[in-house]
Amino acid sequence: MALYHCTLTLHDNVFFATREMGILYETEKYLHNWALSFALFAIHYIPQPYRLQGELAQKPTYLDASAEQNLLHLNQAGIYVFPAQPINWSYQINTFKAAQVGYYGKSKQFGDKGADKNYPINYGRAKELAVGSQYRTYIIAPETITIPRWIRLGKWASKIRIETVRIPDKLMQSKSGDYTCLHPLNPLDLPINTRILLYNRIVMPPVSLVSQAQLRGEYLVAKKSDEAKKNDWQAFKALLTLEQYQQVPDEIYLPTGVFYGAGNLVATA
């Protein structure tokens, strides 16, 4: 298995309704790892159903082993994608108004019966992640994997560019004990032998994430300041451009043994 550092750059506004407050639909600044996993590895690793009808079309199947499209296929392939952490980001608020159609609903005039609010039903504002925002994530995968250069994500299928750098094995150390992981994590994907001691909660569907977490368990660590591996870091730096090397953080702490549904009894049964 190999560890890949990925830098994501938004080439379109990215929108997904994390919070709905009246007519404002807000996008969380973090990118959920389950959404990224589908965007990165759908079709090649996750089957894509031709058609879904009825209840199946509205039922999430992230960890549903009985469904054709689920994330458990990536467990079999030895692939895991961490949530994406914002490096620099900005927002753009856009106002939208949907056209009225007879089968959807009838427009209500202000003050009419059924018009409880003082704005039309088909009106709203979307707070979107703006073009140029950059994110960091990590992927654990086999060495033979091909990570796409471009993906589409969010409600508008927005275009995102991915720059991938493999972290050499000799730069990383496996340790056990207490540590702090600054990268966001999905608690449902943490192994049962990893204990979360302290964390900040990121509330977003379908599963809340945690950030700046203090954990106890087995983990990987790589530090540019490690004098014992100074020559290895210099050799790694020589293979990259200055921009690529600067994008790699000075310290990397990540839990080991992660996989989709690791903390979910249904998925691991």
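Refer to the structure printed above.
Below you will find a few notes about this structure. Not measured: the values here are computed from a predicted model. (Residues numbered from 1 in each chain as written. Predicted model: local features only at pLDDT ≥ 70, side-chain atom pairs only at ≥ 80, totals over all residues. Heavy atoms only, no water.)

**Digging into the side chain of N13**
Here comes step 1: Structurally, N13 is set in the loop between β1 (2-10) and β2 (19-21).
Here comes step 2: With a relative accessible area of 13%, N13 lands in the buried category.
Here comes step 3: One polar contact links the side chain of N13 to the main-chain amide nitrogen of V131, over a distance of 3.2 Å.
Here comes step 4: Aside from chain neighbours lying at most four places away, what touches N13 is Q92, N94, E128, L129, A130, V131, W156 and S158. (Helix = DSSP H or I, 4+ residues; strand = E, 2+ residues; numbered from the N terminus. Buried < 20%, exposed > 50% of the residue type's maximum accessible area, 1.4 Å probe, protein only. Polar contact = N/O pair within 3.5 Å; in protein donor to acceptor, adjacent residues only side chain to side chain. Contact = heavy atoms within 4.5 Å.)

**What to know about unusual backbone geometry**
Here comes step 1: Here the bond from P205 into P206 is cis, since omega is 0°, no more than 30 degrees from zero.
Here comes step 2: For I43, which is not glycine, the phi dihedral falls at a positive 80°.
Here comes step 3: Structurally, I43 is set in the loop between α1 (33-41) and α2 (72-77).
Here comes step 4: Although it is not a glycine, A157 adopts a positive phi angle of roughly 50°.
Here comes step 5: Topologically, A157 is positioned in the loop between β9 (150-153) and β10 (158-167).

**So, the pairing of strand β13 (residues 209-223)**
Here comes step 1: Note: strand β11 (residues 173-181) against β13, nine bridges, orientation antiparallel. Residue pairing for β13: K175 is matched across the bridge by Y219.
Here comes step 2: Two strands pair when backbone bridges link them, and strand β12 (residues 195-202) and β13 are joined in this way by six bridges, in the antiparallel orientation. When the bridges of β13 are listed, I202 appears paired with L209.
Here comes step 3: In this antiparallel pair of consecutive strands, β12 and β13, the connection spans six residues. (Pairing = 2+ DSSP bridges.)

**Observations concerning the sheet that holds strand β6 (residues 91-97)**
Here comes step 1: Spatial strand order, β2-β3-β7-β6: four strands in an open sheet with mixed pairing. The sheet terminates laterally at β2 and β6, the two strands that pair on one side only. Neighbour-to-neighbour, the strand axes of the sheet open up by a mean angle of 20°, direction not taken into account.
Here comes step 2: Where β2 meets strand β3 (residues 24-26), three bridges bridge the pair, whose relative direction is antiparallel. Each bridged residue has a counterpart across the sheet, and for R19 the counterpart in β3 is E26. (Axes fitted to C-alpha atoms, helices over the stretch in contact; angles between N-to-C directions.)

**Some thoughts on the pattern of salt bridges**
Here comes step 1: With the rule as written, the count across this model stands at eight salt bridges.
Here comes step 2: Close ionic contact of D169 with R166 constitutes a salt bridge, the shortest N to O distance being 3.5 Å.
Here comes step 3: Accessibility expressed as a relative area gives 41% for D169, which makes it partly exposed.
Here comes step 4: In this structure, D250 and K224 form a salt bridge, with 3.8 Å as the shortest nitrogen-oxygen distance. Of this pair, D250 sits in the loop between α4 (242-247) and β14 (251-255) while K224 is found in the loop between β13 and α3 (230-238), placing the two residues 26 residues apart along the sequence.
Here comes step 5: Among the charged side chains, a salt-bridge network with shared partners connects R19, E26, E28 and K127. (Salt bridge = Lys/Arg side-chain N within 4 Å of Asp/Glu carboxyl O.)

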